[in-house]
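Now for the letters of each chain:
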Amino acid sequence: MIEAMGWLPLAYLLGAIPTSWLAGKLFRGIDLRKHGSRNLGATNVYRVLGWKYAIPVGLVDVLKGTAAVWLCGSRVPEIPLFPLLCGLAAVVGHVFSVFVGFKGGKGVATAAGVVLAFAPWALLAVTVIWALLVWLTGYVSVASIVSAALFPLAAWLLHDARGAVLIAETGLAAFIVWKHRANIQRLLAGTENRFGKRRSATAVGESGRERA
């Protein structure tokens, strides 16, 4: 148990690496917490900086989740759920990063990395659903909420997830949906932004009103 207490914080720190913030600072000299949606996720990177930066940022965020499971989760084999706990710690780290004032993204990409390590076929299924919903609705938030909500069912059907594992995966999905509560409010109010619009960092900074 003492050993576990050492690896869980490391998993959190892996997840807490502020990939989006670093991209904004290193390549444009801006703090993404002050631009676009002020969210440190790949969608906001796309809106402010473009695809050239959003794709690698998203991939690194996915890798953070997978690395936490593989590198940290395997260190305490006597606790069967420990790899999943490390994955959850990485998602919490991404959402509440100690490096940037406990700000972060919505956790979707890092959660996908965790899921990749445990339930790759379920991840593939919900990724297809996510892409279809983005295409049909234009809302990344809708796609992320629905995909997260459907993931436990996909894990149950495609990977026979049961018991504590299914409960933990359901908890992860619920956390992702909870992180989108502001998006849900904007969807209900008809003020949510559709995916595909890009604004320069200067324009976004001047308005200060865009949300994603």
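Structure report, in brief. (Residues numbered from 1 in each chain as written. Predicted model: local features only at pLDDT ≥ 70, side-chain atom pairs only at ≥ 80, totals over all residues. Heavy atoms only, no water.)

Quick look at the environment of P56
Phase 1 of the analysis: Its location among the elements puts P56 in helix 4 (residues 51–72).
Phase 2 of the analysis: Judged by its relative accessible area of 40%, P56 falls in the partly exposed class.
Phase 3 of the analysis: On a C-alpha basis, the gap between P56 and L136 in space is 25 Å, while along the polypeptide they are 80 residues apart. (Helix = DSSP H or I, 4+ residues; strand = E, 2+ residues; numbered from the N terminus. Buried < 20%, exposed > 50% of the residue type's maximum accessible area, 1.4 Å probe, protein only.)

Comments concerning helix 2 (residues 19–28)
Phase 1 of the analysis: Within helix 2, the full set of buried residues consists of T19, S20, A23 and G24. Buried residues along helix 2 cover an arc of 135° about the axis, so they all sit on one side.
Phase 2 of the analysis: Looking at the buried side of helix 2, the elements it contacts are helix 3 (42–49) and helix 4.
Phase 3 of the analysis: Phi for G29, located one or two positions after helix 2, is positive at around 70°. (Arc of directions from axis to C-beta. Contact = heavy atoms within 4.5 Å.)

What about the nonpolar core?
Phase 1 of the analysis: In terms of nonpolar packing, the biggest core is built from 21 residues, with V91, V115, A122 and F151 touching the most fellow members.
Phase 2 of the analysis: Secondary structure elements with two or more residues in this core: helix 5 (82–95), helix 6 (108–118), helix 7 (120–137), helix 8 (140–159) and helix 9 (163–179).
Phase 3 of the analysis: Here V115 is in contact with P120, L123, F151 and L172, once residues within four sequence places are set aside.
Phase 4 of the analysis: The next biggest cluster of nonpolar side chains, apart from the first, holds twelve residues, and it includes I30, L40, V48 and V57. (Core = buried A, V, L, I, M, F, W, Y, C linked by side-chain atoms within 4.5 Å.)

From the geometry alone we can't say anything about function, so treat these as descriptive.
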